[in-house]
Amino acid sequence: MRRNFLVILAITAGSLAATGVVAQDKPRAADIGPPPARILKMQTAFNPALPGSGEGVRVFTKTVKQMSGGNLAIKIIEPGRICPTPDMLDAIVAGDLEAAFTWSGYAAAKAPVFGVFATIPFGPGPEDMTSWMLEGDGGRIHRDAYEKLGVTGIPCGVQGGKGGGWYRGDLNTVADFKDKRLRFGKFAAEVVARLGATVVPLPPGDFFYQLQQGKVDGGEMSTPAIDASLGFDKLGLPYYLPGWQQPSAVLDFLMRKDKWEQLPPAQRAQIETACRANIVWMLSRSPNVQGLALEKLRASGVVIKQWSPELLAAFRMHADAVLREQAERDPAFATALANQRAFVAQGAAWRTLSRLP
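Reading the values: rules and limits
- Residues numbered from 1 in each chain as written.
- Predicted model: local features only at pLDDT ≥ 70, side-chain atom pairs only at ≥ 80, totals over all residues.
- Heavy atoms only, no water.
- Pairing = 2+ DSSP bridges.
- Helix = DSSP H or I, 4+ residues; strand = E, 2+ residues; numbered from the N terminus.
- Right-handed = clockwise from strand over helix to strand, strands pointing away.
- Polar contact = N/O pair within 3.5 Å; in protein donor to acceptor, adjacent residues only side chain to side chain.
- Disulfide = S-S within 2.5 Å.
- Buried < 20%, exposed > 50% of the residue type's maximum accessible area, 1.4 Å probe, protein only.
- Salt bridge = Lys/Arg side-chain N within 4 Å of Asp/Glu carboxyl O.
- Phe/Tyr/Trp six-rings, centres within 6.5 Å; stacked < 30°, edge-to-face > 60°.
- Lys NZ or Arg CZ within 6 Å of the ring centre and 35° of its normal.
- Core = buried A, V, L, I, M, F, W, Y, C linked by side-chain atoms within 4.5 Å.
- Contact = heavy atoms within 4.5 Å.
- 1 Å grid on protein atoms, 1.4 Å probe; cavity = no way out; pocket = protein on both sides within 12 Å on 5 of 7 lines; lining within 4 Å.
- Points joined across faces, edges and corners; volume = space filled by probe spheres on them.
- Nonpolar A, V, L, I, M, F, W, Y, C, P; charged D, E, K, R; others polar.

Participant: Even after reading the chapter, I still don't get the pairing of strand 1 (residues 38-44), so can you show me in this structure?
Facilitator: Residues in a regular strand point their side chains to alternate faces of the sheet. With 6 bridges connecting them, strand 1 and strand 2 (residues 72-77) associate as parallel partners. Considered in strand 2, the bridge of Met42 is made with Ile76. With respect to chirality, the unit in which strand 1 leads through helix 4 (residues 53-67) into the neighbouring parallel strand 2 is right-handed. Here 3 bridges tie strand 1 to strand 3 (residues 99-103), and the two strands are oriented parallel to one another. Each residue of the ladder has a partner; that of Thr44, found in strand 3, is Phe101.

Shown next as C-alpha coordinates:
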(Lines give C-alpha, C1' and ligand atoms only; values in the text may rest on other atoms or scores of the structure.)
Protein backbone atom coordinates (compact mmCIF):
# COMPACT_ATOMS: atom_id res chain seq x y z
CA MET A 1 0.00 0.00 0.00
CA ARG A 2 2.82 2.39 0.95
CA ARG A 3 4.69 1.54 -2.25
CA ASN A 4 1.62 2.32 -4.36
CA PHE A 5 1.13 5.58 -2.52
CA LEU A 6 4.74 6.62 -3.20
CA VAL A 7 4.35 5.80 -6.90
CA ILE A 8 1.17 7.89 -7.11
CA LEU A 9 2.87 10.70 -5.23
CA ALA A 10 5.85 10.64 -7.59
CA ILE A 11 3.60 10.68 -10.67
CA THR A 12 1.56 13.54 -9.26
CA ALA A 13 4.67 15.54 -8.39
CA GLY A 14 6.06 14.99 -11.89
CA SER A 15 2.83 16.17 -13.48
CA LEU A 16 2.77 19.30 -11.38
CA ALA A 17 6.41 20.04 -12.14
CA ALA A 18 5.69 19.76 -15.85
CA THR A 19 3.04 22.45 -15.58
CA GLY A 20 5.16 24.73 -13.44
CA VAL A 21 2.83 24.47 -10.46
CA VAL A 22 5.48 23.07 -8.14
CA ALA A 23 7.84 25.94 -8.70
CA GLN A 24 5.11 28.52 -8.23
CA ASP A 25 3.60 26.93 -5.11
CA LYS A 26 6.78 25.94 -3.29
CA PRO A 27 6.13 26.68 0.39
CA ARG A 28 8.15 29.39 2.05
CA ALA A 29 9.64 28.97 5.53
CA ALA A 30 7.09 31.43 6.88
CA ASP A 31 4.23 29.23 5.58
CA ILE A 32 5.42 26.10 7.37
CA GLY A 33 5.04 27.53 10.85
CA PRO A 34 7.06 26.90 13.99
CA PRO A 35 7.82 23.37 15.17
CA PRO A 36 5.58 21.97 17.90
CA ALA A 37 6.46 23.01 21.45
CA ARG A 38 6.27 19.39 22.57
CA ILE A 39 6.55 16.07 20.76
CA LEU A 40 5.41 12.92 22.56
CA LYS A 41 6.74 9.60 21.30
CA MET A 42 3.95 7.03 21.53
CA GLN A 43 4.27 3.35 20.67
CA THR A 44 1.07 1.78 19.41
CA ALA A 45 -0.21 -1.75 19.90
CA PHE A 46 -2.03 -1.52 16.56
CA ASN A 47 -0.66 -1.34 13.04
CA PRO A 48 -1.75 2.14 11.88
CA ALA A 49 -2.58 0.71 8.45
CA LEU A 50 -5.34 -1.55 9.82
CA PRO A 51 -8.99 -0.44 9.97
CA GLY A 52 -10.64 0.41 13.27
CA SER A 53 -8.09 0.41 16.07
CA GLY A 54 -5.21 1.11 13.69
CA GLU A 55 -6.99 4.03 12.09
CA GLY A 56 -7.92 5.24 15.55
CA VAL A 57 -4.24 5.75 16.36
CA ARG A 58 -3.84 8.10 13.41
CA VAL A 59 -7.09 9.97 14.01
CA PHE A 60 -6.20 10.52 17.67
CA THR A 61 -2.76 11.99 16.94
CA LYS A 62 -4.17 14.21 14.21
CA THR A 63 -6.88 15.52 16.56
CA VAL A 64 -4.33 16.33 19.27
CA LYS A 65 -2.22 18.31 16.82
CA GLN A 66 -5.21 20.24 15.50
CA MET A 67 -6.63 20.99 18.95
CA SER A 68 -3.28 22.26 20.21
CA GLY A 69 -2.77 24.51 17.21
CA GLY A 70 0.37 22.54 16.42
CA ASN A 71 1.93 23.11 19.86
CA LEU A 72 1.66 19.43 20.78
CA ALA A 73 2.43 16.60 18.38
CA ILE A 74 2.45 12.85 18.97
CA LYS A 75 4.90 10.77 16.97
CA ILE A 76 3.60 7.27 16.31
CA ILE A 77 6.07 4.47 16.95
CA GLU A 78 5.09 1.23 15.23
CA PRO A 79 4.23 -1.92 17.23
CA GLY A 80 7.21 -3.68 18.77
CA ARG A 81 9.73 -1.02 17.80
CA ILE A 82 10.87 -0.22 21.35
CA CYS A 83 9.37 -3.13 23.30
CA PRO A 84 6.99 -6.04 22.67
CA THR A 85 3.36 -4.95 22.63
CA PRO A 86 2.30 -6.92 25.75
CA ASP A 87 5.18 -5.29 27.68
CA MET A 88 4.33 -1.66 26.94
CA LEU A 89 2.84 -1.04 30.38
CA ASP A 90 6.07 -2.18 32.02
CA ALA A 91 8.03 0.03 29.63
CA ILE A 92 5.89 3.02 30.58
CA VAL A 93 6.54 2.42 34.29
CA ALA A 94 10.28 1.94 33.69
CA GLY A 95 10.50 5.12 31.62
CA ASP A 96 11.52 3.33 28.42
CA LEU A 97 8.33 4.50 26.70
CA GLU A 98 7.04 8.04 26.95
CA ALA A 99 3.48 7.15 25.92
CA ALA A 100 1.50 4.19 24.59
CA PHE A 101 -1.74 3.55 22.72
CA THR A 102 -2.88 0.08 23.68
CA TRP A 103 -5.61 -2.37 24.69
CA SER A 104 -6.83 -2.57 28.28
CA GLY A 105 -6.54 -6.36 28.21
CA TYR A 106 -2.74 -6.27 28.20
CA ALA A 107 -2.81 -4.69 31.67
CA ALA A 108 -4.79 -7.66 33.03
CA ALA A 109 -1.46 -9.44 33.55
CA LYS A 110 -0.75 -6.83 36.24
CA ALA A 111 -4.26 -6.50 37.66
CA PRO A 112 -7.18 -8.77 36.68
CA VAL A 113 -9.63 -5.85 37.00
CA PHE A 114 -8.52 -4.64 33.55
CA GLY A 115 -10.18 -7.70 32.05
CA VAL A 116 -13.54 -6.06 32.78
CA PHE A 117 -12.71 -3.44 30.15
CA ALA A 118 -11.49 -5.86 27.52
CA THR A 119 -12.26 -9.57 27.70
CA ILE A 120 -15.65 -10.23 29.27
CA PRO A 121 -17.55 -12.97 27.39
CA PHE A 122 -21.16 -11.90 26.79
CA GLY A 123 -20.22 -8.50 28.23
CA PRO A 124 -21.53 -5.11 27.14
CA GLY A 125 -21.48 -4.04 23.51
CA PRO A 126 -19.56 -0.93 22.47
CA GLU A 127 -22.42 1.50 23.18
CA ASP A 128 -23.04 0.18 26.69
CA MET A 129 -19.32 0.00 27.40
CA THR A 130 -18.93 3.62 26.34
CA SER A 131 -21.86 4.71 28.46
CA TRP A 132 -20.45 2.92 31.50
CA MET A 133 -17.00 4.42 30.94
CA LEU A 134 -18.15 8.02 30.39
CA GLU A 135 -21.37 8.25 32.41
CA GLY A 136 -21.11 5.45 34.95
CA ASP A 137 -18.33 4.38 37.30
CA GLY A 138 -16.26 2.66 34.61
CA GLY A 139 -14.01 5.67 34.03
CA ARG A 140 -13.28 6.06 37.75
CA ILE A 141 -12.55 2.34 38.22
CA HIS A 142 -10.31 2.36 35.13
CA ARG A 143 -8.41 5.47 36.30
CA ASP A 144 -7.92 4.20 39.85
CA ALA A 145 -6.62 0.83 38.64
CA TYR A 146 -3.95 2.47 36.49
CA GLU A 147 -2.99 4.96 39.22
CA LYS A 148 -2.21 2.05 41.55
CA LEU A 149 0.45 1.10 39.00
CA GLY A 150 1.82 4.65 38.84
CA VAL A 151 0.29 5.26 35.41
CA THR A 152 -2.25 7.68 33.98
CA GLY A 153 -4.60 5.70 31.74
CA ILE A 154 -7.17 7.49 29.61
CA PRO A 155 -9.88 5.61 27.67
CA CYS A 156 -9.07 6.58 24.10
CA GLY A 157 -11.18 4.30 21.92
CA VAL A 158 -13.81 1.57 22.09
CA GLN A 159 -13.53 -1.30 19.66
CA GLY A 160 -16.62 -3.23 18.62
CA GLY A 161 -17.10 -6.95 18.82
CA LYS A 162 -14.67 -9.46 17.43
CA GLY A 163 -15.68 -12.13 15.01
CA GLY A 164 -16.32 -15.55 16.50
CA GLY A 165 -13.33 -17.00 14.71
CA TRP A 166 -12.07 -19.17 11.84
CA TYR A 167 -12.25 -22.96 12.00
CA ARG A 168 -11.20 -26.00 10.04
CA GLY A 169 -14.58 -27.72 9.84
CA ASP A 170 -18.04 -27.21 11.27
CA LEU A 171 -18.76 -26.60 14.93
CA ASN A 172 -22.42 -27.17 15.77
CA THR A 173 -22.44 -29.09 19.05
CA VAL A 174 -20.42 -29.20 22.25
CA ALA A 175 -19.00 -32.55 21.13
CA ASP A 176 -17.45 -30.84 18.08
CA PHE A 177 -15.03 -28.97 20.37
CA LYS A 178 -13.52 -32.17 21.73
CA ASP A 179 -9.72 -32.21 21.20
CA LYS A 180 -9.80 -29.20 18.87
CA ARG A 181 -6.62 -27.08 19.04
CA LEU A 182 -7.84 -23.51 19.31
CA ARG A 183 -6.42 -20.03 19.78
CA PHE A 184 -8.36 -17.97 22.33
CA GLY A 185 -7.38 -15.47 24.98
CA LYS A 186 -7.97 -15.16 28.71
CA PHE A 187 -11.51 -16.06 29.85
CA ALA A 188 -12.64 -17.42 26.47
CA ALA A 189 -9.71 -19.84 26.54
CA GLU A 190 -10.97 -21.23 29.85
CA VAL A 191 -14.47 -21.57 28.39
CA VAL A 192 -13.46 -23.58 25.32
CA ALA A 193 -11.13 -25.71 27.45
CA ARG A 194 -14.14 -26.72 29.52
CA LEU A 195 -15.80 -27.80 26.29
CA GLY A 196 -12.92 -30.21 25.65
CA ALA A 197 -10.72 -28.08 23.38
CA THR A 198 -6.96 -27.70 23.76
CA VAL A 199 -5.96 -24.04 23.99
CA VAL A 200 -2.87 -23.11 21.95
CA PRO A 201 -1.40 -19.74 23.02
CA LEU A 202 -0.27 -17.88 19.91
CA PRO A 203 0.76 -14.27 19.25
CA PRO A 204 -1.59 -12.61 16.74
CA GLY A 205 1.14 -12.53 14.11
CA ASP A 206 1.56 -16.32 14.20
CA PHE A 207 -2.08 -17.34 14.02
CA PHE A 208 -2.58 -17.08 10.24
CA TYR A 209 0.42 -19.28 9.42
CA GLN A 210 -0.37 -21.87 12.09
CA LEU A 211 -3.97 -22.10 10.89
CA GLN A 212 -2.93 -22.27 7.25
CA GLN A 213 -0.52 -25.12 8.01
CA GLY A 214 -3.11 -27.05 10.01
CA LYS A 215 -1.10 -26.78 13.23
CA VAL A 216 -4.19 -25.37 14.95
CA ASP A 217 -7.82 -26.05 14.16
CA GLY A 218 -9.12 -22.52 14.60
CA GLY A 219 -9.76 -19.68 16.97
CA GLU A 220 -10.31 -15.97 17.23
CA MET A 221 -8.39 -13.16 15.55
CA SER A 222 -10.07 -9.75 15.61
CA THR A 223 -12.95 -7.81 14.05
CA PRO A 224 -14.22 -8.75 10.57
CA ALA A 225 -12.59 -5.62 9.11
CA ILE A 226 -9.17 -6.48 10.51
CA ASP A 227 -9.52 -10.17 9.65
CA ALA A 228 -10.37 -9.25 6.06
CA SER A 229 -7.42 -6.84 5.88
CA LEU A 230 -5.08 -9.58 7.08
CA GLY A 231 -6.24 -11.94 4.33
CA PHE A 232 -8.01 -14.59 6.40
CA ASP A 233 -10.54 -14.96 3.60
CA LYS A 234 -7.81 -16.68 1.57
CA LEU A 235 -7.79 -19.65 3.94
CA GLY A 236 -11.09 -21.01 2.60
CA LEU A 237 -12.48 -21.57 6.10
CA PRO A 238 -15.91 -20.73 7.55
CA TYR A 239 -16.20 -17.62 9.70
CA TYR A 240 -18.38 -17.76 12.79
CA LEU A 241 -20.38 -14.94 14.38
CA PRO A 242 -21.05 -13.42 16.84
CA GLY A 243 -17.88 -12.84 18.82
CA TRP A 244 -19.31 -13.90 22.18
CA GLN A 245 -15.84 -13.83 23.71
CA GLN A 246 -15.30 -10.05 23.36
CA PRO A 247 -18.33 -7.90 22.47
CA SER A 248 -16.30 -4.71 23.03
CA ALA A 249 -12.94 -3.52 24.30
CA VAL A 250 -11.51 -0.27 25.63
CA LEU A 251 -8.34 1.18 24.10
CA ASP A 252 -6.07 3.27 26.31
CA PHE A 253 -3.62 6.15 26.10
CA LEU A 254 -0.94 5.67 28.75
CA MET A 255 1.76 7.80 30.34
CA ARG A 256 3.63 7.40 33.59
CA LYS A 257 1.77 9.48 36.16
CA ASP A 258 4.64 11.83 37.02
CA LYS A 259 5.36 12.52 33.34
CA TRP A 260 1.68 13.13 32.66
CA GLU A 261 1.51 15.66 35.48
CA GLN A 262 4.50 17.51 34.03
CA LEU A 263 2.49 18.36 30.91
CA PRO A 264 0.82 21.79 30.95
CA PRO A 265 -2.87 21.60 32.00
CA ALA A 266 -3.96 22.75 28.54
CA GLN A 267 -2.11 19.89 26.83
CA ARG A 268 -3.53 17.34 29.25
CA ALA A 269 -7.03 18.64 28.52
CA GLN A 270 -6.36 18.46 24.78
CA ILE A 271 -5.28 14.80 25.02
CA GLU A 272 -8.29 13.90 27.17
CA THR A 273 -10.69 15.66 24.79
CA ALA A 274 -9.05 14.07 21.75
CA CYS A 275 -9.49 10.66 23.38
CA ARG A 276 -13.21 11.26 23.88
CA ALA A 277 -13.51 12.40 20.28
CA ASN A 278 -11.70 9.24 19.22
CA ILE A 279 -14.21 7.07 21.07
CA VAL A 280 -17.07 8.79 19.24
CA TRP A 281 -15.30 8.45 15.89
CA MET A 282 -14.69 4.72 16.40
CA LEU A 283 -18.30 4.12 17.46
CA SER A 284 -19.68 5.92 14.42
CA ARG A 285 -17.30 4.28 11.96
CA SER A 286 -17.46 0.69 13.15
CA PRO A 287 -20.91 -0.44 11.88
CA ASN A 288 -20.17 0.69 8.34
CA VAL A 289 -16.63 -0.69 8.28
CA GLN A 290 -17.69 -4.08 9.65
CA GLY A 291 -20.62 -4.25 7.24
CA LEU A 292 -18.32 -3.59 4.29
CA ALA A 293 -15.90 -6.19 5.60
CA LEU A 294 -18.60 -8.86 5.71
CA GLU A 295 -19.50 -8.01 2.10
CA LYS A 296 -15.85 -8.41 1.13
CA LEU A 297 -15.57 -11.75 2.94
CA ARG A 298 -18.71 -13.10 1.27
CA ALA A 299 -17.51 -11.90 -2.14
CA SER A 300 -14.28 -13.81 -1.53
CA GLY A 301 -16.25 -17.01 -1.00
CA VAL A 302 -16.18 -17.09 2.80
CA VAL A 303 -19.14 -18.89 4.37
CA ILE A 304 -20.48 -16.82 7.28
CA LYS A 305 -21.99 -19.01 9.98
CA GLN A 306 -23.78 -18.28 13.22
CA TRP A 307 -23.17 -20.22 16.38
CA SER A 308 -25.88 -22.76 17.12
CA PRO A 309 -28.22 -22.12 20.09
CA GLU A 310 -26.69 -25.17 21.80
CA LEU A 311 -23.18 -23.75 21.61
CA LEU A 312 -24.18 -20.22 22.61
CA ALA A 313 -25.90 -21.64 25.68
CA ALA A 314 -22.80 -23.69 26.52
CA PHE A 315 -20.49 -20.72 26.01
CA ARG A 316 -22.63 -18.59 28.32
CA MET A 317 -22.94 -21.24 31.03
CA HIS A 318 -19.20 -21.84 31.22
CA ALA A 319 -18.39 -18.13 30.88
CA ASP A 320 -20.57 -17.38 33.91
CA ALA A 321 -18.69 -20.00 35.90
CA VAL A 322 -15.26 -18.73 34.80
CA LEU A 323 -16.13 -15.12 35.66
CA ARG A 324 -17.63 -16.13 39.00
CA GLU A 325 -14.45 -17.98 39.93
CA GLN A 326 -12.30 -15.01 38.92
CA ALA A 327 -14.47 -12.72 41.04
CA GLU A 328 -13.99 -15.02 44.02
CA ARG A 329 -10.22 -14.81 43.58
CA ASP A 330 -9.99 -11.03 43.09
CA PRO A 331 -12.17 -8.52 45.00
CA ALA A 332 -11.31 -5.61 42.67
CA PHE A 333 -12.42 -7.64 39.66
CA ALA A 334 -15.61 -8.66 41.47
CA THR A 335 -16.47 -5.05 42.36
CA ALA A 336 -15.85 -3.76 38.84
CA LEU A 337 -17.80 -6.57 37.15
CA ALA A 338 -20.78 -6.13 39.49
CA ASN A 339 -20.75 -2.38 38.90
CA GLN A 340 -20.65 -2.84 35.13
CA ARG A 341 -23.47 -5.38 35.12
CA ALA A 342 -25.67 -3.22 37.36
CA PHE A 343 -25.15 -0.18 35.12
CA VAL A 344 -26.01 -2.12 31.94
CA ALA A 345 -29.05 -3.72 33.59
CA GLN A 346 -30.36 -0.31 34.65
CA GLY A 347 -30.76 0.70 31.01
CA ALA A 348 -32.09 -2.65 29.78
CA ALA A 349 -35.77 -1.68 29.99
CA TRP A 350 -35.18 1.47 27.97
CA ARG A 351 -33.24 -0.38 25.28
CA THR A 352 -36.01 -2.95 24.96
CA LEU A 353 -38.88 -0.45 24.84
CA SER A 354 -37.19 2.15 22.65
CA ARG A 355 -36.08 -0.09 19.79
CA LEU A 356 -38.47 -0.94 17.00
CA PRO A 357 -39.16 -4.66 16.48
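We are not done yet, so read on.
Participant: Which parts of the structure should I look at to understand the side chain of Ser308?
Facilitator: Along the polypeptide, Ser308 turns up in the loop between strand 11 (304-306) and helix 13 (309-329). Looking at Ser308, its side chain comes within polar contact range of the main-chain oxygen of Asn172, at 2.7 Å.

Participant: So what exactly am I meant to see when it comes to the state of the cysteines here?
Facilitator: Covalently bonding the sulfur atom of one cysteine to the sulfur atom of another cysteine gives a disulfide. Under the counting rule described, the total for this entry stands at 1 disulfide. In this model Cys156 forms its disulfide with Cys275; the gap between the sulfur atoms is 2.2 Å. Looking down the S-S bond of the Cys156 and Cys275 bridge, the torsion is -85°, so its handedness is left-handed. One end of the pair, Cys156, is in strand 4 (residues 151-159); the other, Cys275, is in helix 12 (residues 265-299), and 119 residues separate them in sequence. One exposure class covers both Cys156 and Cys275, and it is buried. No disulfide involves Cys83; its nearest neighbouring cysteine sulfur is the one of Cys156, lying 18 Å away.

Participant: Is there a simple way to think about the pattern of salt bridges in this case?
Facilitator: Two side chains bearing opposite charge may form a pair once their charged atoms approach each other closely. Counting across every chain of the model gives 14 salt bridges. The closest approach of N and O atoms between Glu98 and Arg38, which form a salt bridge, is 3.0 Å. Placement of the pair is Glu98 in the loop between helix 5 (88-94) and strand 3 and Arg38 in strand 1, with a sequence separation of 60 residues. You can call Glu98 partly exposed: its relative accessible area is 21%. A residue is classified by how much of its surface remains accessible, and Arg38, at 28% relative accessible area, is partly exposed. A salt bridge links Lys257 to Glu261, with the nearest nitrogen and oxygen atoms 2.5 Å apart. Here the residue Lys257 and the residue Glu261 both occupy positions in helix 11 (residues 257-262), the gap between them amounting to 4 residues, near one helical turn.

Participant: Is there a simple way to explain the packing of aromatic side chains in this structure?
Facilitator: By convention here, two paired aromatic rings are described through the distance between centres and the angle between planes. For the structure shown, the criterion picks out 21 aromatic pairs. When the ring of Tyr167 is compared with that of Trp307, the centres are 5.6 Å apart and the planes differ by 70°; the resulting orientation is edge-to-face. You can see Tyr167 sitting in strand 5 (residues 165-167) and its partner Trp307 sitting in the loop between strand 11 and helix 13, a full 140 residues away along the chain. Here Trp307 falls in the buried class, since its relative accessible area comes to 5%. Taken together, Phe122, Tyr167, Phe177, Phe184, Tyr240, Trp244, Trp307 and Phe315 form an aromatic cluster joined through their ring pairs. Taking NZ or CZ as reference, Arg183 lies 5.5 Å from the ring centre of Phe207, over its face.

Participant: Can you walk me through the nonpolar core in this structure?
Facilitator: The nonpolar side chains of a soluble globular protein tend to be buried, and buried together. By size, the foremost hydrophobic cluster in this structure holds 72 residues, and its most contacted members are Phe60, Phe114, Phe177, Phe253, Ile271 and Trp307. Contacts of Phe114, omitting those with residues within four sequence positions, involve Ser104, Ala107, Ala108, His142, Ala145, Tyr146 and Leu149. Within the second largest apolar cluster, 15 residues are counted, among which are Trp166, Val216, Leu237 and Leu241.

Participant: I tried to follow empty space enclosed by the protein on my own but got confused; where do I start?
Facilitator: If you roll a probe as big as a water molecule over the atoms, it shows you where there is empty space left. A complete count under the given rule lists 2 cavities of 30 Å³ or more for this structure. Approximately 110 Å³ is the volume found for the largest cavity. Lining the largest cavity are 15 residues, and of these Gly52, Ser53, Met282, Ser286 and Gln290 lie nearest its centre. The set of elements that each furnish at least two residues to the lining of the largest cavity consists of helix 4, strand 4 and helix 12. For the lining of the largest cavity, the element with the most residues is helix 12, which contributes 6 residues. Looking at the lining of the largest cavity, its residues break down into 6 nonpolar, 7 polar and 2 charged. Estimates place the volume of the second largest cavity at around 50 Å³. Forming the boundary of the second largest cavity are Thr85, Pro86, Met88, Leu89, Thr102, Trp103, Ser104, Tyr106, Ala107, Tyr146 and Leu254. Sorting the residues of the lining of the second largest cavity by element identifies helix 5 and strand 3 as the ones contributing at least two each. Of the residues in the lining of the second largest cavity, the class split is 8 nonpolar, 3 polar and no charged.

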